[in-house]
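Working through the structure, step by step
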Amino acid sequence: MQTFQHYIDGAFHDAPSSFESLDPATGQPWARMPEARADEVNAAVAAARRAFHGAEWAGLTASQRGKLLLRLADLVEQNARLLAEIETRDTGKIIRETSAQIAYVAEYYRYYAGLADKIEGAHLPIDKPDMEVWLRREPVGVVAAVVPWNSQLFLSAVKIGPALAAGCTVVLKASEDGPAPMLEFARIFDQAGFPPGVLNVITGFGPECGAVLTRHPEVDHVAFTGGPTAGRQIVRNSAENLASTSLELGGKSPFIVFEDADIDSAVNAQVSGIFAATGQSCVAGSRLLVQNSIRETFLGRLRDKAEQIVIGSPADMATEVGPLCTARQRDTAVRLCELSVTQGARLVTGGRAIDGDGHYFPPTILDCTEAPTAACLTEEFFAPVLSAQGFDTETEALALANDTAYGLASGVFTRDLTRAHRMIRGIRAGVVWVNTYRAVSPMAPFGGHGLSGHGREGGLAAALDYTRIKTVWLRTSDAPIPDPFIMR
Ligand code: NAD
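Scope of this entry: the structure provided in the associated data block.

Criteria and thresholds
Residues numbered from 1 in each chain as written. Predicted model: local features only at pLDDT ≥ 70, side-chain atom pairs only at ≥ 80, totals over all residues. Heavy atoms only, no water. Helix = DSSP H or I, 4+ residues; strand = E, 2+ residues; numbered from the N terminus. Polar contact = N/O pair within 3.5 Å; in protein donor to acceptor, adjacent residues only side chain to side chain. Contact = heavy atoms within 4.5 Å. Core = buried A, V, L, I, M, F, W, Y, C linked by side-chain atoms within 4.5 Å. Buried < 20%, exposed > 50% of the residue type's maximum accessible area, 1.4 Å probe, protein only. Near = heavy atom within 4 Å. Areas by Shrake-Rupley, 256 points an atom, 1.4 Å probe, with all protein chains shown as cover. 1 Å grid on protein atoms, 1.4 Å probe; cavity = no way out; pocket = protein on both sides within 12 Å on 5 of 7 lines; lining within 4 Å. Sits in = over half its atoms within 2 Å of the grid points. Points joined across faces, edges and corners; volume = space filled by probe spheres on them. Salt bridge = Lys/Arg side-chain N within 4 Å of Asp/Glu carboxyl O.

The residue serine 387 is located in strand S17 (residues 385–391) in this model. Looking at serine 387, its side chain comes within polar contact range of the main-chain oxygen of cysteine 376, at 3.1 Å. Other than its neighbours up to four places away in sequence, serine 387 contacts Ser286, Arg287, Leu288, Leu366, Cys368, Cys376 and Leu377.

In structure tokens, the structure reads:
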């Protein structure tokens, strides 16, 4: 079995405890992971704190930080294949997706490398004579970054990139489900030439590691991606250290198709919108809202596509849907599908776990038009399960789209420009994709509201989240300041 180590203060360490990581394709252990508890968390935070104040990091110019990030981007690119293979092995994310995604992860580091020396302060035209007032943008401090198993290299890049560009230091807690890609990433990061302690990578479980980290008194900001349950816990933890938080939580995103849409494009976008990443994607377009006039045709086209999807080993380039990361995820999918069917949902395809080794669950479609209270319409599966509902009017489509506690992403397919604009205005979500779905870029802020969290990742907005403003007042007059207690 392969073994992995923590990366703390620029060195690799074993931990007193460890745990096995299972290969999702076989359900068998393949690697041993170090398990961080309080001692390891404390050591990682102390290293990040020392590095934050140390001259080796704090003394760098913003451009020098940018150059280090550029070197990291190049290293990620050079090691993309290795990182892709490890992520596929440990999380079951299919190799064709990990390969493509890691190449793009390098672009995120490159973008933030370029942004490092463009995070500007401001000068204020203050309403007082002989006074200069300006705002300095300073790094917020030690950042605790906590990520879930899916797309960890990507989800950590959107935290590490802006945090380091801003001059922060980071303790990253990899998910206990499939931490290998992040622990391997630490080896690559180590070659980039950052001072020790600027990034520390540990893994462990929520209560013993994540909770200790996120309420640690030396942590200034918590950047979290995960589910709403852990998200709430993080916010409670932040009552201890009063750290600021950014939360990227789940979604139950509507994918709305009007009868005038380009149907071929809408079908393909919906297939990738829900079945990419084997459905384990926060932006999954998991609620199809389709105009009733085309509902049967559209669902038939989707079913045909879903049934042709190649399910197989995640390591095989031909595979289009792989195993779910954990048996727990597969069992949730089984349970929610069964429950939804008993609540009146019509099973169009899929719906049962695939027998044999590994955590496989097939592409599944449920038509809930006659079952508006089915659990599959409200619960986030994190599995390749699409729930569909028909609508007649635009008003109805908007009401269904907004009938959710989440507010992360949304998609609208229509050729009617004015209707597209009305939908863009009306949909309550952090992202609206029109006649496309899933597009992301380092330049574009991403995030949600409601149960989907708060804060933005990507773009300049994310880098500013890792800074705080210092207001400077400088008196320019040489005239003595009069004694305030001498009456004139
Ligand atoms: P999770 O919330 O259970 O775990 C995420 C991380 O939080 C893990 O590293 C875990 O160890 C840690 N954690 C758990 N309890 C904690 C606690 N009390 N204190 C501190 N840390 C704790 O999520 P998951 O099941 O691993 O991932 C799936 C969820 O992530 C889904 O709900 C999905 O929508 C969400 N997600 C959101 C985005 C996004 O960008 N919005 C992206 C991917 C995944």
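It is worth spelling out the nonpolar core at this point. Counting 64 residues, the largest nonpolar core has Tyr109, Phe185 and Phe194 as its most contacted members. In contact with phenylalanine 194, not counting residues within four places along its chain, are Trp57, Leu68, Leu69, Leu72, Leu164 and Phe189. Grouped together as the second largest cluster of nonpolar side chains are 32 residues, Cys282, Leu302, Val348 and Ala388 included.

On to the site of the ligand, then. Taken together, 29 residues form the shell around the ligand, and within it Glu176, Gly227, Leu249, Gly250 and Glu380 come nearest. A distance of 3.4 Å separates a nitrogen atom of the ligand from a polar atom in the backbone of alanine 211. Surface burial for the ligand is 88%, taken as the share of its 840 Å² of free accessible area covered by protein chains. The site holding the ligand turns out to be the largest pocket. At the level of secondary structure, the elements contributing two or more residues to the shell around the ligand comprise helix H8 (206–214), strand S11 (221–225) and helix H9 (228–241).

Turning next to the layout of surface pockets. Counted as a void, the largest pocket has a volume near 960 Å³. Residue lining of the largest pocket: 41 residues in total, with Trp149, Gly226, Gly227, Ala230 and Arg328 positioned closest to the centre. For the lining of the largest pocket, the elements supplying multiple residues, two or more each, are H8, S11, H9 and helix H12 (327–342). With eight residues, the single largest contributor to the lining of the largest pocket is H9.

Here the focus is the pattern of salt bridges. Pairs can form between side chains of opposite charge once their charged atoms are near each other. Under the defined criterion, the tally for this structure stands at 27 salt bridges. Measuring nitrogen to oxygen at the nearest pair gives 3.6 Å for the salt bridge that ties glutamate 20 to arginine 32. In this pair, glutamate 20 sits in strand S4 (residues 17–23) while arginine 32 sits in strand S5 (residues 28–35), placing the two residues twelve residues apart along the sequence. Among the residues examined, glutamate 20 registers a relative accessible area of 40% and is labelled partly exposed. Since its relative accessible area comes to 31%, arginine 32 is described here as partly exposed. A salt bridge links aspartate 23 to arginine 89; the shortest N-O distance between them is 2.9 Å. Placement of aspartate 23 in strand S4 and of arginine 89 in helix H4 (residues 80–91) is noted, with a sequence separation of 66 residues between them. By relative accessible area, arginine 89 is classed as partly exposed at 39%. Members of the salt-bridge network, linked through shared partners, are Asp74, Glu77, Glu107 and Arg110.

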